[in-house]
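Geometric and topological summary
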Amino acid sequence: MSIVVYVEQSAGKIKKTSLEAVSYGFALAAKTGEGEVIAVALGSLAADELAAIGEAGAAKVLHISDERLNAGVIQAHASAVAQAFESTGATTLILAKSSLGDAVAARLAIKLHAGLVSNVVELPRLEGGFVVKRSIYTGKAFADTTITTSKKILAIKKNAVDQKLDGTKAKVESFSATISESDFASKITATERATGEVLLPEADIVVSGGRGMKGPENWGMLVDLANTLGAATGCSKPVSDIGWRPHHEHVGQTGVKVAPTLYIAIGISGAIQHLAGVNSSKCIVVINKDPEAPFFKAADYGIVGDAFEIVPQLTAALKAAY
Amino acid sequence: MKILVCITHVPDTTSKIQFTANNTKFDSTGVQFIIGPYDDYALARAVELRDQTGGTLTALNVGEAETEQTLRKALAIGADDAIRVNSFPKDSFFVAQQIAHFAKEGGYELILMGRESIDFNGGMVHGMVGELLGMPSFSPVMKLELEGTTVKMAREIEGGKEHLEGKLPLIAGCQEPIAEWKIPNMRGIMSARTKPLVVVEPVSQETQAEASSYQLPPAKGSVKLVDKDQVSELVRLLKNEAKVL
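Residues numbered from 1 in each chain as written. Chains lettered and ligands numbered in written order. Predicted model: local features only at pLDDT ≥ 70, side-chain atom pairs only at ≥ 80, totals over all residues.

Glancing now at the overall build of chain B. Across its full length, chain B holds 6 helices and 15 strands. Overall size of chain B, expressed as C-alpha extent along the three principal axes, is 65 × 45 × 40 Å. Expressed as a percentage of its 245 residues, the buried residues of chain B come to 50%. A sequence separation of at least 24 residues applies to 71% of the contacts in chain B between residues at least 6 apart. (Helix = DSSP H or I, 4+ residues; strand = E, 2+ residues; numbered from the N terminus. Buried ≥ 20, exposed ≤ 12 C-beta atoms within 10 Å, placed from the backbone. Contact = placed C-beta atoms within 7 Å.)

Now the structure itself:
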């Protein structure tokens with residue numbers, strides 16, 4: 001039996017987190033010995049972009065080309081994906097956690113009467129039931145969760161599996177979904193999005209600054225470092241509260257929770273609420289002039305010293321090394 | 001207008017997380033419980049909207065008897081009455097069914113809650129309630145204004161925000177900066193003691209994905225410090241030792 005993966009697009013490109021979800025589906029299919037991965041993609045997308053989903057592990061792509069679905073209209077996406085899913089006869093649906101993915105997953109759970117687990121961090125265990133490991137208490141613990149329904153939905157956290165890159169092109173089929181007007185009743189009237197940047201929740205490397213940066217005018221050196229690394233920029237809560245940086249860059253308990261490969265914290269003391277947003281990072285580097293900063297206890301590597309001297313040196317050293 | 005705010009009873013954000021009974025139960029020893037921080041934003045905005053519309057505001061929690069202190073705090077902050085659905089909140093689906101049932105029974109037009117609970121972090125209950133009731137549901141909502149039956153919202157998305165317009169009835173999962181947290185004053189605390197708090201039994205016991213056991217992450221090794229005059233050594237370590245570059 002197949003595994004279905006709901007993939008999201010942003011301006012005509014399939015999101016990287018969605019490609020990771022496809023690879024998760026591929027790994028799960030290999031583990032269960034169950035068939036192939038069918039991706040479901042919505043809205044206007046070029047044929048090449050759709051076929052390329054195959055490189056991440058999909059054998060087939062069901063494309064619902066309705067251009068009203070280019071925007072993330074939650075109810076309409078849920079209706080469209082539910083129909084595509086049912087048409088395949090599959091019992092497992094995978095998607096990447098995101099602001100749209102979460103909202104769509106919750107509605108799908110009810111529509112499909114499927115048990116839903118979010119923040120999934122690895123492949124399920126299949127001995128003695130379908131047991132999924134999820135991150136809880138904002139990354140401070142994990143729970144093994146048994147899904148008891150025949151249909152299952154997993155919303156996976158970033159870096160749950162490595163993205164597969166060596167698959168072959170997928171077969172693309174168009175799928176026509178019937179979506180009622182009422183699913184489009186709530187309108188998206190405007191979208192503000194930072195352009196040309198790596199998006200924080202999806203970034204492999206994050207460079208974050210705290211109050212130790214002393215003011216928004218000093219962010220240029222962090223941006224230089226981030227650009228050198230192909231990283232996203234983040235910040236601590238006080239920095240976003242004072243308005244030095246926009247709210248969508250706030251990393252922490254009540255902001256964005258990140259799970260990058262590398263997190264570089266500069267001038268951030270490491271309050272427990274900030275650590276809650278970064279504790280899923282694979283490697284943490286802390287640069288702080290205070291050797292007693294609690295963040296050092298949560299770090300893999302650290303430099304005690306003045307960020308204003310170290311950050312430009314680090315950028316230069318990285319440029320020299322690459 | 002009738003507004004419902006759903007709140008969670010969760011460990012304070014600074015709590016040390018530990019488990020007991022062979023890792024099958026949360027260890028609440030020495031833990032202080034609070035209204036979930038996101039729910040606190042939802043509650044604060046709900047109080048403002050109740051005052052703006054001259055309606056009523058009900059706080060609801062699915063939880064056992066010990067959560068009443070948290071519901072009383074919601075009453076002290078400004079809710080008019082409270083409902084406790086008397087059960088451990090077993091999973092998102094279980095909680096969503098209870099909320100959907102009592103929301104429908106009470107005829108609430110606006111249902112607010114936090115974007116997610118800070119214990120299980122699922123962030124799924126608002127969407128499930130929306131689908132169960134056939135209502136639109138949005139999350140994470142950082143701005144919500146009422147103009148008659150029109151609801152104008154801003155929803156945080158990756159790297160920005162989306163402005164939305166919908167109609168009542170509607171559900172929103174809230175986060176900052178939708179409103180400033182409200183701290184109960186003495187008058188609020190006194191009046192909360194006598195405001196109605198009804199206890200109802202769950203309408204369904206059905207669950208789909210219950211947690212069965214818990215684990216803590218492996219202990220972190222100690223930090224490797226690099227001298228501030230050897231910044232290129234950090235690059236070497238990240239590349240060759242941590243293999244993250």
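The next subject is the overall build of chain A. When helices and strands are counted, chain A shows 8 helices and 17 strands. Projecting the C-alpha coordinates of chain A onto the three principal axes gives extents of approximately 60 × 45 × 35 Å. Per-residue burial over chain A gives 57% buried out of 322 residues. Counting only contacts in chain A whose residues sit at least 6 apart along the sequence, the fraction spanning at least 24 positions is 65%.

Counting residues in each nonpolar core, the largest one holds 129 residues, and the members touching the most others are Val-5, Val-22, Ala-39, Ile-53, Leu-108 and Ala-109 of chain A together with Val-5 of chain B. If you tally residues by element for this core, the top one is helix α4 (residues 99–112) of chain A, at 9 residues. By size, the runner-up hydrophobic cluster in this structure holds 50 residues, among which are Ile-205, Leu-222, Ile-264 and Cys-283 of chain A. (Core = buried A, V, L, I, M, F, W, Y, C linked by C-beta atoms within 7 Å.)

A word on the interface of chain B and chain A. With 62 residues of chain B at the interface, the matching set in chain A holds 69 residues. Per element, the largest residue contribution to the side of chain B that touches chain A is 8 residues, and it comes from strand β11 (residues 160–167) of chain B. In terms of residue class, the side of chain B that touches chain A is built from 28 nonpolar, 19 polar and 15 charged. As judged from the 6 bridges shared by strand β12 (residues 187–193) of chain A and β11 of chain B, these two strands associate in the antiparallel manner. Bridged to Arg-193 of chain A within β11 of chain B is Gly-160 of chain B. (Nonpolar A, V, L, I, M, F, W, Y, C, P; charged D, E, K, R; others polar. Pairing = 2+ DSSP bridges.)

Turning to helix α8 (residues 307–321) of chain A, a few remarks are in order. The end-to-end C-alpha distance of α8 of chain A is 20 Å, a good match for the 21 Å that 15 residues give at a rise of 1.5 Å each. At its buried positions, α8 of chain A is contacted by α5 (220–229), β15 (262–266), β16 (283–288) and β17 (301–304) of chain A together with α6 (231–241) of chain B. (Expected span 1.5 Å × (residues − 1).)

Walk down a regular strand and you will see the side chains alternate between the two sheet faces. Residue and element names in this part refer to chain A. Buried residues dominate strand β8 (residues 130–136), accounting for 6 of its 7 residues. For β8 and strand β9 (residues 141–147), the ladder comprises 7 bridges, and the chain directions are antiparallel. Looking at β9, one finds that Ile-136 is bridged to Ala-141. Joining the antiparallel neighbours β8 and β9 is a turn of 4 residues, in which Tyr-137 adopts a positive phi near 45 degrees.

Looking now at the environment of Lys-140 of chain A. Its place among the elements puts Lys-140 of chain A in the loop between β8 and β9. Here the alpha-carbon distance between Lys-140 of chain A and Asn-159 of chain A, two residues 19 residues apart in the chain, equals 17 Å. Ignoring any residue separated from it by four or fewer positions in sequence, one finds Lys-140 of chain A in contact with Ala-276 and Asn-279 of chain A together with Ile-17 of chain B.

Further remarks concern the sheet that holds strand β14 (residues 232–235) of chain A. Strand order across the open sheet formed by 6 strands is β14(A)-β13(A)-β15(A)-β16(A)-β17(A)-β15(B), with parallel pairing between neighbours. Each edge of the open sheet carries a strand with a single partner, namely β14 of chain A together with β15 (224–225) of chain B. Taken together, the 4 bridges between strand β13 (residues 205–209) of chain A and β14 of chain A define a ladder with parallel strand orientation. Its bridge partner being in β14 of chain A, Val-207 of chain A is matched across the sheet by Thr-233 of chain A.

Another aspect to go through is the packing of α4 of chain A against helix α4 (residues 125–133) of chain B. Viewed as axis vectors pointing N to C, α4 of chain A and α4 of chain B meet at an angle of 45 degrees, and their least axial separation amounts to 8 Å. Our classification of the angle between α4 of chain A and α4 of chain B gives oblique. α4 of chain B is crossed by α4 of chain A, and the crossing has right-handed handedness. Of the residues in α4 of chain B, those in contact with Ala-103, Ala-106, Arg-107, Ala-109, Ile-110 and Lys-111 of chain A of α4 of chain A are Gly-127, Met-128, Gly-130, Glu-131 and Leu-132 of chain B. (Axes fitted to C-alpha atoms, helices over the stretch in contact; angles between N-to-C directions. Parallel < 35°, antiparallel > 145°, perpendicular 65-115°, else oblique. Left-handed = near helix turned anticlockwise from the far one by under 90°.)

Okay, the sheet that holds β12 of chain A next. The 10 strands are arranged β12(A)-β11(B)-β10(B)-β9(B)-β12(B)-β8(B)-β1(B)-β6(B)-β7(B)-β13(B) in an open sheet whose pairing can be described as mixed. The two strands at the open ends of the sheet, each matched to only one other strand, are β12 of chain A together with β13 (197–200) of chain B. The mean inter-strand angle of the sheet, taken between neighbouring strand axes irrespective of direction, is 25 degrees. Pairing between strand β9 (residues 137–147) of chain B and strand β12 (residues 170–174) of chain B: 3 bridges, direction parallel.

Time to look at unusual backbone geometry. Residue and element names in this part refer to chain B. The residue after Leu-168, namely Pro-169, is reached through a cis peptide bond having omega -5 degrees. You can see Pro-169 is positioned in the loop between β11 and β12. A cis geometry characterises the amide bond from Glu-176 onward to Pro-177, with omega recorded as 0 degrees. Note that Pro-177 resides in the loop between β12 and α5 (186–192). One non-glycine residue, Asn-121, lies in positive phi territory at about 55 degrees. Its location among the elements puts Asn-121 in the loop between β8 (110–114) and α4.

Bringing α6 of chain B into the picture now. Within the span of α6 of chain B, buried status applies to Val-231, Leu-234, Val-235 and Leu-238 of chain B. Angularly, the buried residues of α6 of chain B cover 100 degrees about the axis, an arc narrow enough to put them on a single face. Exposed residues pointing more than 90 degrees away from the buried face of α6 of chain B are listed as Asn-240 and Glu-241 of chain B. As for α6 of chain B, its buried residues are in contact with β15, β17 and α8 of chain A. (Arc of directions from axis to C-beta.)

Attention shifts here to the domain arrangement of chain A. Residue and element names in this part refer to chain A. Per the domain assignment, the segments making up chain A are domain 1 (3–184) and domain 2 (200–321). Each of domain 1 and domain 2 has a C-alpha centre, and these two points are 31 Å apart. Listed as interface residues are 10 residues of domain 1 and, on the opposing side, 7 residues of domain 2. For the side of domain 1 that touches domain 2, the residue count by class is no nonpolar, 5 polar and 5 charged. (Domains from an automatic or database assignment.)

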